[in-house]
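Residue-level structural notes
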Amino acid sequence: MDYNFKEIEKKWQDYWQKEKVFKSSVSDAPKFYCLEMFPYPSGKIHMGHVRNYTIGDVYSRYKWMQGFNVLHPMGFDAFGQPAENAAIKNKTKPDEWTHKCIDWMKIELKKMGFSYDWDREVSTCDSGYYKWNQWIFLKMLEKGLAYKKASDVNWCSSCATTLANEEVIEGGCWRCHNKVELKELEQWYLKITDYKQHLLDDLKLLNDWPQRVIAMQTNWIGKSQGVEIYFRLKSNNQIIPVFTTRVDTIFGATYIVLAPEHPLVKEIIKDNPREKEVLKFIEKVGKETKVVRISSDIKKEGIFTGGYATNPVNNEDVPIWVADYVLMEYGTGAIMAVPTHDQRDFLFAKEHNLPMRIVIQPAAPACPAGRQAQSTDEMTEAYVGEGFQVNSGQFNGLSNQEAKIKIAEWMEKNKYGQIQTHWRLRDWLISRQRYWGTPIPVIYCKKCGAVPVPYHDLPVELPKDAPFTGEGGSPLGKVKEFVEVKCPECGGTGRRETDTMATFFDSSWYFLRFCSPEFNKEPFNVQEAKYWMPVDQYIGGIEHAILHLLYSRFFTKFFKDLGMIDFNEPFKHLLTQGMVLKDGEVMSKSKGNIVDPDSIIDKYGADTLRLFMLFAAPPETELEWDDRGLEGAYKFLNRVLRIKNDLKDKADHGLVKVMHKIIKKVTDDIESFKFNTAIASLMEFVNAIYQSGADERVFTNLIIMLSPIAPHFCEEIWQSLGNNGSIFKASWPKYDPGLLVETTVTMVIQVNGKVRARLEMPTDVSEDKLREMVLKEEKLKPWLQNKPFNNFIVVPRKLINIVV
RNA sequence: GGGCAAGUGGUGGAAUGGCAUACACGAUAGACUUAAAAUCUAUUGACCGUAAGGUUGUGAGGGUUCAACUCCCUCCUUGCCCACCA
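Everything numeric here is computed off the predicted structure, so don't read it as measured data.

What follows is about the packing of aromatic side chains. Enumeration according to the criterion identifies 52 aromatic pairs in this entry. Here tyrosine 147 and tyrosine 189 contribute two aromatic rings whose centre-to-centre distance is 5.6 Å and whose plane-to-plane angle is 15 degrees, an arrangement assigned as stacked. With tyrosine 147 in strand 3 (residues 146-156) and tyrosine 189 in strand 7 (residues 180-190), this pair connects stretches of sequence that are 42 residues apart. For the residue pair tyrosine 147 and tyrosine 189, the accessibility class agrees, reading buried in each case. Seen in terms of ring centroids, tryptophan 410 and tyrosine 416 are 5.3 Å apart; in terms of plane orientation they differ by 80 degrees. Their pairing is edge-to-face. An aromatic cluster is defined as three or more aromatic residues linked by ring pairs; in this entry it consists of Phe32, Tyr59, Tyr62, Phe68, Phe673, Phe675 and Trp732. Just above the ring of tryptophan 118 sits the side chain of lysine 110; from NZ or CZ to the centre is 5.4 Å. Across from the ring centre of phenylalanine 482, 5.2 Å away, lies the NZ or CZ of arginine 496, which sits over that ring.

As structure tokens, this is what we get:
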């Protein structure tokens, strides 16, 4: 008979909550902080949440049973635009809508049986939380890390707000995919670039992070070392700086190219017969969107300006061109072109018949790629590999790697240029022209300028009934009582900042807040954070590999500089779980292939859902949803339950030995997040029990090992076996290494690498004895046929390979 | 274009130099049943063979090794991230 999961799951969820089984507080015991990325409260949990939180839950419960003091909190990343949209649609207020969603979501999370310490719940939209966003902002302002500047910012007209560089994906808005425009605005920025070197260097400390996340962050920070070279405009000797990482090719620079927006272009073409034509070209390029400009199959277009510049290393005059493939926002907005050693320059030069010169030759014949080109005419593509300098003055004959250093030093000495480092990382734009976010705590005064709100006036509360319509513009600007305030400095007429903070600000430090969620003197209690932090295990989606993780690392470094914490990195170990797929595709509303967790819980129970998700694939790989696999998980639980009705007085010694092996395997597997093989081992254990019958001790160990995975199910059995208290207060079984030692072993006998026999041998058999037994073996005789052995290889306790 | 993963039965996956396909799903057969479901038992990579057994087999090709899914080289395919980045 099937077990009654509905009754059982409800019963134990209530019990865990009432008894506060998973409540944690600072103690002398070793701590373990297990954190899953908190959700945006959309109102419904999806399979991605279920997978993420199940992984964290299993690990937390396992750590509890290993004797750790576990911090396993949950909260809600509750500010953000969807609440505004939903509120307009449903004619309610973002505040009410969000809190309703949080309530629904909590019900669903509780139905999954997750072991959270709900006493630590935080929601970022509560003033008790965002007050500290404002506090952090003011501290950053004090330290010169928050500043306001006017510039062209990424603007999404459909969301009517600005976007950080990190929020622009392929030229579109990360949320609505609308084309992003540039708009000149005065906005607040955080100087994350002050930490760029630390953010890059400390990636080396993160040995327990996935390689690809490290790679993505490295890429995003984008450090590149090179030389800024001073070309000079021939007509008036003005400097045109260009940046290159390949200074070894400087003697092959046969023209330079400016971005169409480059300020010097207008000067160069002034009173020049080509002026009209060039302006026409610039206008044309300006109309193209960035998306079109970067699409790789489009031909690079450019035009000669009529001007010339002088290459400082050889005083050669080179033509100045303007082309669409040079971007004003990277480097200096101007490049030197070396057609022989850069593929893009090569194609451009061929197209426009520009001169080229070879300056690096592969070291033939050592270089396989390298037939040396005798003239540029025979080149069909640029040579971008390593080699030796030619046509490069006093640097001829050097390897290009060596030349890179020597030329850079020589240029710097002669003031032809300057060794420089370029970074891709830009300061973080945090102003948003939205309602549902943290108000930026600044007041503008005609006399005093931008004045920070004094700490004792925090929080700057978000007015509950702003008249927002979704039409854009800062809705807070329409709330008179909010905007019209006195200047805190001179008492004169002031005007409050009406932009709110980007929501990534909220999630950049929530892991610290969880250490002391009620603390009301500072963002977190320094002592408690000292005990709990850093997060030992962080679990979440790969989609946060750049934004959220980079910002959180930045905030952590800031708090360290404030002296509030004493570690460099917030997350010791990071696990990025794979997506949940259905029919090979990511589950999504638009594809209509969503499986609702709630309906699965209703039909099979949370334990079955948890078991299936963990068994179907390792946590980091994609998981293909499979109804039949779910059915299999359900059958397994019933199979376990049946054992209980058939317990023996004493289990066989053989089964006890099997048990100890399984304990070792399951412990090792769970420790390293191999839940799928841990479950496979438990299934093997169950199969073995079906063969020989378990006693209560063996069965209890099975139940304890299964309990992190199927907690309600195991808690029920634990209780029905007459145990007191929660199974999660029980300790994890230990294996007896003595029982793992075998006296005999099955050895595989190979002849020429092919398996020809298997022999049962004592583990301590001597090699001579082995040989004797092998030669006697009838099965092997046809293969050996009295031929002499070339080799007789023995891998102790495993295998023998005879080579004849 | 650059970087990082990955490619194994009908399916999800296991094995990190030493028995390829653990565990499960599915399928087939049997037991139980009036019958079905559930459950239990057995078989299940392909090919040849009545069988014993043999051959072959981890995207393709080469290499190292007594021994390669695993290490090295070349290539193909898929996924993800970045990208006219100078």
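Moving on to the pairing of strand 20 (residues 449-452). Bridge analysis of strand 19 (residues 442-445) against strand 20 gives four bridges, and the strand direction is antiparallel. Each residue of the ladder has a partner; that of valine 442, found in strand 20, is proline 452. Hairpin geometry of strand 19 and strand 20 is characterised by an intervening segment of three residues between the two adjacent antiparallel strands.

So, on to helix 17 (residues 597-604). Among the residues of helix 17, Pro597, Ile600, Ile601 and Tyr604 are the ones counted as buried. The buried residues of helix 17 occupy an angular sector of 100 degrees when the element is viewed end-on, so they sit on one face. Considering only its buried residues, helix 17 is in contact with helix 1 (5-19), helix 2 (47-65), helix 4 (94-111), helix 18 (606-616) and helix 19 (627-644). At the exit of helix 17 stands glycine 605, carrying a positive phi of roughly 95 degrees.

A few words on the side chain of serine 516. Structurally, serine 516 is set in the loop between helix 14 (510-513) and helix 15 (526-532). Judged by its relative accessible area of 7%, serine 516 falls in the buried class. From its side chain, serine 516 meets the backbone nitrogen of asparagine 525 in a polar contact 2.8 Å long.

Attention now goes to the confidence of the model for chain A. Averaged over every residue, the pLDDT of chain A is 89; residues scoring 70 or more account for 96%. Note on residues 291-296: pLDDT under 50 across the span, and ten contacts to partners over four residues away in sequence or across chains. Within the model, the stretch residues 365-370 combines pLDDT values under 50 with four contacts to residues more than four positions away or in other chains. Scored as a complex, the prediction yields pTM 0.92 and ipTM 0.95.

Right, let's talk about the pattern of salt bridges for a bit. A complete count under the given rule lists 33 salt bridges for this structure. Residue lysine 148 is joined to glutamate 186 by a salt bridge in which the shortest nitrogen-to-oxygen separation is 3.9 Å. With lysine 148 in strand 3 and glutamate 186 in strand 7, this residue pair connects regions lying 38 residues apart in the sequence. The residue aspartate 668 makes a salt bridge to lysine 664 at a minimum N-O spacing of 2.9 Å. Highlighted residues: aspartate 668 and lysine 664, both in helix 20 (residues 653-671), separated by four residues, approximately one helical turn. In this structure aspartate 668 comes out as partly exposed when scored by relative accessible area, which is 38%. Its relative accessible area of 30% is what places lysine 664 among the partly exposed residues. Members of the salt-bridge network, linked through shared partners, are Asp202, Arg553, Lys557 and Glu569.

Criteria and thresholds
- Residues numbered from 1 in each chain as written.
- Chains lettered and ligands numbered in written order.
- Predicted model: local features only at pLDDT ≥ 70, side-chain atom pairs only at ≥ 80, totals over all residues.
- Heavy atoms only, no water.
- Phe/Tyr/Trp six-rings, centres within 6.5 Å; stacked < 30°, edge-to-face > 60°.
- Helix = DSSP H or I, 4+ residues; strand = E, 2+ residues; numbered from the N terminus.
- Buried < 20%, exposed > 50% of the residue type's maximum accessible area, 1.4 Å probe, protein only.
- Lys NZ or Arg CZ within 6 Å of the ring centre and 35° of its normal.
- Pairing = 2+ DSSP bridges.
- Arc of directions from axis to C-beta.
- Contact = heavy atoms within 4.5 Å.
- Polar contact = N/O pair within 3.5 Å; in protein donor to acceptor, adjacent residues only side chain to side chain.
- pLDDT = per-residue confidence, 0-100.
- Salt bridge = Lys/Arg side-chain N within 4 Å of Asp/Glu carboxyl O.

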